[in-house]
Amino acid sequence: MSTEAKEQKPAAPPPDPTLLVSSSPHLHGGESITKIMWSVVLALAPATVLGMVFFGIDAVIVIAVTTISAVAFEAFSQWLRKMPITIADGSAVVTGLLLALNMPPGSPWWLCVIGSFIAIAIAKHLYGGLGYNPFNPALVARVALLVSFPTQMTSWAPTLYMPPDSWTGATPLGAIKEHILKDGTTGMEFTWDYLWQLLAGNVGGSLGETSVIALLIGAAFLLWKGYIWWQVPVSFIASVFAVTGIAFIFNPTGVASPVFHVVSGGLIIGAFYMATDMVTSPVTKRGMIIFGVGCGVITSVIRLWGGYPEGVSFAILIMNATVPLLDRYSRPEVFGARRKLYEVRG
Amino acid sequence: MTKPVHFQGGVHPAYNKQYTVDLSIEKMPLPKRFVIPLSQNLGAPAKCLVEKGQEVLKGQPLGEPGGFVSTPVHAPTSGKIKKIDLYPHPLGRGMEAIEIEPDSEDRWVEGCGPLRDFEAMDPDAIRKAIWDGGLVGMGGATFPTHVKLSPPAEKPIDTFILNGAECEPFLTSDHHLMLEAADKIIAGGKLMAKVLGAQNLLIGIEKNKPNAIEIMREAAGGGGFEVVALNVEYPQGAEKQLIYALTKRKVPTGGLPMDVGCVVQNVGTAAAAYDACAHGIPLTERVVTITGSGINKPKNLLLRTGTLLSDVIEFCGGLNADIAKVIVGGPMMGISQYSLDIPIIKGTSGIVFLKADEVTLFTSQPCIRCGSCVKGCPMGLLPTVINAYSVNEMFDVAEEYGAMDCIECGCCAFSCPSHIPLVQNVRRAKAEIQARRKKAS
Amino acid sequence: MIVNAILTLAALGLLAGLGLGFAARVFAVKIDPRVEEIDAALPQFNCGACGYAGCADYAKAVVEGKDPSLCAPGGPNVAARVAAIMGEEVSTQEKKVAFVFCGGSDSAARKKYHYNGVSDCISSDLVSGGDKSCSYGCLGLGTCVHVCPVDAIIIEDGLARVVAEICIGCRKCVEACPKNIIHMVPASRLVHVVCSSQDKGPVVRKACSVGCIGCRRCIKAVDDEQITMDGNLAVVDYSKPLLSREPAESCPTGAIQVIETEFTEQLPPPAEPAEQAAEEAQA
Amino acid sequence: MIFQEFILIFVSAVLVNNFVLRRFLGICPFLGVSRRVSTALGMSFAVMFVMTMASVVTWIVQTVALMPLGIGYLQTIAFILIIAALVQLVELALQKLSPPLYKALGIYLPLITTNCAVLGVAVLNIQKEYDLARTTIFGFGASVGFAVAILLFAGLRERIELANTPRALKGTAIALVTAGLLSLAFMGFTGLVKQ
């Protein structure tokens, strides 16, 4: 290389380009992951607050420990992988909060931390972080804990507002299952008061799955914002109602009424907040409906005939596994598609 | 009475037409130089007919068609050819263009101007006049008009649609053309319909332009065109969506509107067709919306092709210091520019100047599979899936998922919360698939 | 007891054998054993340089009579072995490696705009031809790095560079580059014009400090037309030997470079910079 | 009620005691040919054929030959022989009828022979003292269970392939994690059929 020439004409400092160039479109609708995630947190707020009111300081501890440790694990995982740390986008908060709402009130702190670790580090970051996990992280954690620590995960506490003598130490679904095992009947009588207790959440159970009304308020907000679509929750709840309803008609003494099945347990939080998790549910409308029906049927089967009193978590996890296939086989029709849907033209 | 139907998908961007919606069309004084690219249409570029130093008159052909899918280009004013070289082009790459120094006399070439008996013209004569006039689709796609007017005999056309939807945000050029040249548009439209032998004549205008709808209805009078008020929805003006909204016919994938007996032309093209047939005036002028917060005085301008953007900016009061993006065409499908020395061409419907705070950057956060793109896609595709396979270079799978059916309207990237440049990735897949097909054949 | 066992198993075996024998007739498929032999001889990079979808596919093609010397990574050795299996002779060629014909690193060439979008050369090229001011220049986003099966390409200062020692000559980068500035050169060649710009001198100068401006000084510095002009660009004619540092030293922009490889000692050592400057000053 | 029992046997084999996800049998092809849904589908059919046929044939051999002759100790050898012959048959047929599938399945096709799920079904049939009808249903159910597991898994793997998985976990590692999580999900069916 001629050094002389170099001296003569030193490489001019490149002038700053001023204009920005990118591919179309040049406008954006303004949605962002951060907005979506914090909206979900906001939507969960009523249920969270009500959980704290019903279960007191225990609930506050569970929620705080789980959420904070989830965020910490998220930051740690991203730091390990030298990825930008995005805890501010709220996705770890959502996972942590959902997990907390799925824990029994009064869970020991270490259980919460283990749960957060499973959810964030294993179910999410082993797959590459946000958007890549095939299974709902909070549910993986809940199920893993349920299988590994059955005692802790099923020691339910009464709410602060229950008459002390009415507490049997089980969730409504659990109580029914036990009763059925004993004499084949549900031992349940319908009263408006009991239904109201179920709706308001003054029953035993996980922190967040108790109050149907609080959950529905948040869900309405998400539906209005367009962050969840009606397909999954509606088909989920409807199919639970249908399956348990049919079973109820055939065996009214041995099966709880479909109304009871819809408002008790984790169905509402599952249908509106867990099954609708964007990452782990189908992207097509048809796929969503099949997904919801699948969730509902499996939930009912486990509830009615399975070993566990509650099947929402398992059902959603199993249907999570079908999502890639659902997406593949439930593609919407391409505008103007000819008879052969995806004809390869040469 | 035609009732428009909803097409699937679509988005509702902020329309931002307030900058220019009330401004009538202005003319710009003759600039000091013109740069006329030989390639102003989709298809083959024109072949140069002139040489350096030659004097040309306004309306004189500077280039002849380089094939059937090609159009001539004409001198926008009289003057001297200064140079023929590579110049910046709105498409982003340097292209051969002719630089003219105007003599400020604006002398017409012979035969342009006087009114002819255009109503007596037969279809072939109209088609020839349109080709000679260098007409292209003025909505932005710049597809040569005469090609659209030459459907093969086995595909009869019964419906002719004039596209006045102008669904792109910011733009108001078609809107104002309809307000100020309604009669021309109707007359030009009738000429083109005559070529096609179409009986069913429709004009689609989005409902957000009530004054244009009214004026066009008046101009259309009792016979001929029916003006249909369309839903305000992007991409209402996309050919396939417009045809569906007006006729419920679906253009088959990989097919053309003529496959369902329709031809769509932009209202601007119709006005130009009138000029070309009735006065023999070639297409060297068009209405361009200069708009956005990045330009000091937004305007609807009647600009000659070849006018340099820098001159236009000067005439419009200069740029805002905060300017970040200059887009030729609408902001949803237009092309962002790096050079301000690009010329106005036949397909330039508007130039949008965006300030830094209005630009949302693509940041390619991970897809959270929210399905917004699927919901927004007017073609019923799964943009996120095509995107994933394109990024992972599995183009054959992307093709299976219908990548080639994408119309690049941008609804997916517009609604993506992860700010993924979906359209760019789909475009990549399309380019790659096309290259493979070429290789295979 | 034992007899029973033996008899039963024998009967079972016989039945199964008969059934399979019959099935083998019904479903008979002929396979050439050489396919597997050749497949075993190939390096199993599955790079596709031969034009087939992997080593196994190529093995089949060779048996069907295709050229046995198409395996670039394997080189002459593998070609000879494959030819031996087929019972043919094969001529040996010099190994070729990929070379990036651009010197427009980020510090040498300017950017004409802020690019915002997919970090990939092909995608970037779809948006106004990429952000390098020279429309022929390397975009430096690493599409070639991505396709390289052996990690032989690195990006330095916004410019791709092929490490010749690692390159297996599979041509994948040559095909992937949207700017078409990667070409194959004989592995022993050292002097290259690191520019692909067909623009005229002033345009090149404005865009990049190491572009070929078409001054023809290098052509005068060689004697046997080892460098020729292709339009506005000087090109090395790789069919003629070029063992001199002269062209590189004569280039005013540094667009001709001597690339140091294992073959460097073939060239005379570079002149002392001080001496060189003095000489030039005298001239 | 016999019909109900058949259904229970079938459901149990497919869901509750899924051979892959709960009994952890047949993991080799489960991991080996689950990269693509299409090959997984082919494998499923091959396994379905072999498993059902093997159940039937081994049951017959066991009842007709091994038991009466008092040489039950030869069970394993005899069963392997039968399974191997069946696999060979499938292999020959596939090579002729669907070369691409044959190629895609590769080494895993002959390996069905050593797929412990097949032998497992055959042995379980004998252990559970099923009759021929129950054997057939159990064998078929087990193979359907295998098909369900491998198809779900193949779909998941196709998706994970596009994910930003850490380099160290790419491929089989993350597939095993996924298999574990899938197995965890299937634990929900525990107790569904009391055995």
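Calculation criteria
Residues numbered from 1 in each chain as written. Chains lettered and ligands numbered in written order. Predicted model: local features only at pLDDT ≥ 70, side-chain atom pairs only at ≥ 80, totals over all residues. Heavy atoms only, no water. Helix = DSSP H or I, 4+ residues; strand = E, 2+ residues; numbered from the N terminus. Buried < 20%, exposed > 50% of the residue type's maximum accessible area, 1.4 Å probe, protein only. Contact = heavy atoms within 4.5 Å. Areas by Shrake-Rupley, 256 points an atom, 1.4 Å probe, with all protein chains shown as cover. Pairing = 2+ DSSP bridges. Axes fitted to C-alpha atoms, helices over the stretch in contact; angles between N-to-C directions. Salt bridge = Lys/Arg side-chain N within 4 Å of Asp/Glu carboxyl O. 1 Å grid on protein atoms, 1.4 Å probe; cavity = no way out; pocket = protein on both sides within 12 Å on 5 of 7 lines; lining within 4 Å. Points joined across faces, edges and corners; volume = space filled by probe spheres on them. Nonpolar A, V, L, I, M, F, W, Y, C, P; charged D, E, K, R; others polar. Domains from an automatic or database assignment. Buried area = accessible area lost by both parts, 1.4 Å probe. Polar contact = N/O pair within 3.5 Å; in protein donor to acceptor, adjacent residues only side chain to side chain.

Let's talk about the overall build of chain A
1) Next: Counting secondary structure elements, chain A contains 15 helices and one strand.
2) Next: Over its C-alpha atoms, taken along the principal directions, chain A stretches across nearly 100 × 55 × 35 Å.
3) Next: Relative to its full complement of 346 residues, chain A shows a buried share of 59%.
4) Next: Contacts spanning at least 24 positions in sequence make up 74% of the contacts within chain A whose residues lie at least 6 apart.
5) Next: Carbon and sulfur atoms make up 69% of the accessible area of chain A, which amounts to about 13,900 Å² in all.

Describing unusual backbone geometry
1) Next: Going from Ser 24 of chain A to Pro 25 of chain A, the amide bond is cis rather than trans, its omega being -5°.
2) Next: Following the sequence through the fold, Pro 25 of chain A ends up in the loop between strand E1 (20–22) and helix H2 (33–55).
3) Next: Across the junction of Tyr 234 of chain B and Pro 235 of chain B, the peptide omega takes the value -5°, indicating a cis bond.
4) Next: One can find Pro 235 of chain B in the loop between strand E11 (226–230) and helix H6 (239–247).

With respect to helix H3 (residues 55–63) of chain C
1) Next: Residues of H3 of chain C that are buried: Cys 55, Tyr 58, Ala 59, Ala 61, Val 62 and Val 63 of chain C.
2) Next: With its phi angle positive at about 105°, Gly 65 of chain C sits one or two positions after the end of H3 of chain C.

Section: the sheet that holds strand E5 (residues 61–64) of chain B
Residues and elements named next belong to chain B.
1) Next: Across the sheet, three strands lie side by side as E3-E5-E6; this open sheet has antiparallel pairing. Either end of the sheet is taken by a strand with one partner, and the two such strands are strand E3 (47–48) and strand E6 (73–74).
2) Next: In the sheet, E5 pairs with E6 via two bridges, with the strands oriented antiparallel. Paired with Gly 63 across the two strands is Val 73, which belongs to E6.

Focus: the sheet that holds strand E15 (residues 323–328) of chain B
All names here are of chain B.
1) Next: With mixed pairing, six strands are arranged side by side in an open sheet as E1-E14-E13-E17-E15-E16. Of all the strands in the sheet, the pair left with one neighbour each is strand E1 (26–27) and strand E16 (335–337).
2) Next: Looking at chain direction, E15 and strand E17 (residues 350–355) are connected through five bridges and run antiparallel. Looking across to E17, one finds that Ile 323 is bridged to Lys 355.
3) Next: Of the strands in this sheet, strand E13 (285–291) and strand E14 (299–304) are in contact with helix H3 (residues 173–180), which crosses E13 at around 130°.

As for the pattern of salt bridges
Residue and element names in this part refer to chain B.
1) Next: Within the structure shown, the criterion is met by 34 salt bridges over all chains.
2) Next: Close ionic contact of Lys 299 with Glu 26 constitutes a salt bridge, the shortest N to O distance being 3.4 Å. One end of the pair, Lys 299, is in strand E14; the other, Glu 26, is in strand E1, and 273 residues separate them in sequence.
3) Next: Accessibility expressed as a relative area gives 10% for Lys 299, which makes it buried.

Quick look at empty space enclosed by the protein
All names here are of chain A.
1) Next: Per the counting criterion, the structure on display carries 14 cavities of 30 Å³ or more.
2) Next: Approximately 310 Å³ is the volume attributed to the largest cavity.
3) Next: Lining the largest cavity are 22 residues, and of these Met 37, Val 94, Leu 98, Asp 277 and Met 278 lie nearest its centre.
4) Next: Those elements that place two or more of their residues in the lining of the largest cavity are H2, helix H4 (91–101) and helix H6 (137–148).
5) Next: With four residues, the single largest contributor to the lining of the largest cavity is H4.
6) Next: Each residue belonging to the lining of the largest cavity can be placed in one class, and the counts come to 15 nonpolar, five polar and two charged.
7) Next: Shared between two domains, the lining of the largest cavity takes at least three residues from each, and those domains are domain 1 (33–153) and domain 2 (172–329).

Some words on the environment of Ala 40 of chain D
All names here are of chain D.
1) Next: Inspection of the secondary structure assignment puts Ala 40 in helix H3 (residues 37–69).
2) Next: Ala 40 gets classed as buried once you look at its relative accessible area, which sits at 0%.
3) Next: Taking the C-alpha atoms as reference points, Ala 40 and Phe 30, ten residues apart in sequence, are found 8.4 Å from one another.

Details of the domain arrangement of chain A
Residue and element names in this part refer to chain A.
1) Next: Split into domains, chain A comes out as domain 1 (33–153) and domain 2 (172–329).
2) Next: The straight-line distance from the C-alpha centre of domain 1 to that of domain 2 is 21 Å.
3) Next: Taken together, the contact between domain 1 and domain 2 spans 37 residues of the former and 34 residues of the latter.
4) Next: Interface of domain 1 and domain 2: buried area, both sides summed, is about 2,800 Å²; carbon and sulfur atoms make up 75% of it.
5) Next: Looking only at domain 1, the three residues that lose the most surface to domain 2 are Ala 43, Phe 54 and Leu 139, adding up to 17% of its buried area.
6) Next: The interface formed by domain 1 and domain 2 contains zero salt bridges.
7) Next: Our count for the contact surface shared by domain 1 and domain 2 stands at seven residue pairs in polar contact (both at pLDDT 80 or more).
8) Next: If you list the elements that add at least two residues to the side of domain 1 that touches domain 2, you get H2, helix H3 (57–80), H4 and H6.
9) Next: A total of 13 residues in the side of domain 1 that touches domain 2 trace back to one element, the largest contributor, which is H2.
10) Next: Looking at the side of domain 1 that touches domain 2, its residues break down into 29 nonpolar, six polar and two charged.

Observations concerning the interface of chain A and chain B
1) Next: Across the contact, 40 residues belong to chain A and 64 residues belong to chain B.
2) Next: Summing both partners gives a buried area of about 4,600 Å² for chain A against chain B, and 61% of it is carried by carbon and sulfur.
3) Next: Where chain A touches chain B, the interface holds one salt bridge.
4) Next: The salt bridge partner of Arg 369 of chain B is Asp 327 of chain A, with a shortest N-O separation of 3.0 Å.
5) Next: The interface formed by chain A and chain B contains 19 residue pairs in polar contact (both at pLDDT 80 or more).
6) Next: Grouping the amino acids of the side of chain A that touches chain B by side-chain chemistry returns 21 nonpolar, twelve polar and seven charged.

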